[in-house]
Amino acid sequence: MNEIQLIQALQQGDKNAFSFLVQTYQHMVFNTVLSIVQQQEEAEDVAQEVFVQAFISITKFRGDSKISTWLYRIAVTKALDHQRKKKSKKRFGLLKNVFGIGLQEEMVADFYHPGVQLENKEKSAILFKALQNLPSQQRVAFTLIKIEGLNYEDTSIIMQISIKAIESLMHRAKLNLRNQLINYYQSNK
Amino acid sequence: MKNIEIQIAETLNSIDDIQKAEAPYFFNTRVQAKLNQRLASIETPWLPKWKPIWAITTLTILLSINIFSVTQKNKSKKTNSTNNTESANLEGFSNTYNLNSALPY
């Protein structure tokens, strides 16, 4: 089944085509979402939402980009939305703690990406933690290029900005990460 | 400082050979179940989804109706009591000057 046939079948509400779509792109979507959400169960939930959203809004898909590009866009948007909601919940939790309503401050567990080499686990956990503090655009560019392994051109198509802008985002992301790591290692000497 | 520089470089390079994470087993089945659930809820749009804001709105409306009715009742009581005192005064006046009795002519 080629892309055009797949899109047409999906637009007709074909459940088998949908199953084929999930089978084909599940790892790609899950890896992207997991790298942003950084929590296995939550990432699975968000990734499921990505496919449900894709099925529901397939009629709006004009086919002017690849399905993978379109899915990447939905995945990134959903993952960032999830993070935003989570952050605002955390802020509310902190506020509750200030007023003595909350029970205990939530334990922040380090995230270990399953695809990282064993000897790099600890270091990558520190990097993933630093990634959470990047502005969303820098974070998405860094995730797509360094973790998803996409090139600058594909990333620019997904993010709908120029390659130059991607280069600038990557440069600033690396600088930001570097500054955070300097602070981290200086305080943990 | 040199030690920190090495650590930073190692940390930044720690994801260089990263493998892609794979979706969990039965992911497809779970997505299908979620989709069916979502489609079922879309197909019955007449059934409103309960939201906390509705409870708050209903409570506010009920409270305002109650407050309105209580204040109205108090108002009518007040006007009744003023009417009663006025009529008592008039009665007293008419009794004093014997205005209530039928005229002899």
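Source: prediction; values computed, not measured. (Residues numbered from 1 in each chain as written. Chains lettered and ligands numbered in written order. Predicted model: local features only at pLDDT ≥ 70, side-chain atom pairs only at ≥ 80, totals over all residues.)

1. Brief notes about helix α3 (residues 40-56) of chain A
So, step 1. For α3(A), which comprises 17 residues, the first-to-last C-alpha distance of 25 Å matches the rise-based estimate of 24 Å (1.5 Å per residue) to within 8%.
So, step 2. Taken together, the buried positions of α3(A) are occupied by A:A43, A:V46, A:A47, A:Q48, A:E49, A:V50, A:F51, A:V52, A:A54 and A:F55. (Helix = DSSP H or I, 4+ residues; strand = E, 2+ residues; numbered from the N terminus. Expected span 1.5 Å × (residues − 1). Buried ≥ 20, exposed ≤ 12 C-beta atoms within 10 Å, placed from the backbone.)

2. Some words on the domain arrangement of chain A
A common way to state how big an interface is: give the accessible area lost once the parts meet.
Residue and element names in this part refer to chain A.
So, step 1. Split into domains, chain A comes out as domain 1 (1-106) and domain 2 (110-189).
So, step 2. Between domain 1 and domain 2, the C-alpha centre-to-centre distance is 20 Å.
So, step 3. Contacts between the two partners involve 12 residues from domain 1 and, on the opposite side, 12 residues from domain 2.
So, step 4. Elements with a minimum of two residues in the side of domain 1 that touches domain 2: α2 (15-37) and α4 (67-98).
So, step 5. No other element matches the 5 residues that α4 contributes to the side of domain 1 that touches domain 2.
So, step 6. Along the lines of polarity and charge, the residues of the side of domain 1 that touches domain 2 split into 4 nonpolar, 7 polar and 1 charged. (Domains from an automatic or database assignment. Contact = placed C-beta atoms within 7 Å. Nonpolar A, V, L, I, M, F, W, Y, C, P; charged D, E, K, R; others polar.)

3. Some remarks on the interface of chain B and chain A
So, step 1. The interface is formed by 24 residues belonging to chain B together with 32 residues belonging to chain A.
So, step 2. If you list the elements that add at least two residues to the side of chain B that touches chain A, you get α1 (2-13) and α2 (27-43) of chain B.
So, step 3. Among the elements that line the side of chain B that touches chain A, the one with the most residues is α2(B), at 8 residues.
So, step 4. A breakdown of the residues in the side of chain B that touches chain A according to their chemical character gives 11 nonpolar, 6 polar and 7 charged.

4. A look at the confidence of the model for chain B
All names here are of chain B.
So, step 1. Confidence in the prediction for chain B averages 83 pLDDT; 86% of positions are at 70 or higher.
So, step 2. No element of chain B has a lower mean pLDDT than helix α3 (residues 52-96), which averages 84, and none a higher one than α1, which averages 90.
So, step 3. Both scores are given for the predicted complex: the pTM is 0.74, the ipTM 0.81. (pLDDT = per-residue confidence, 0-100.)

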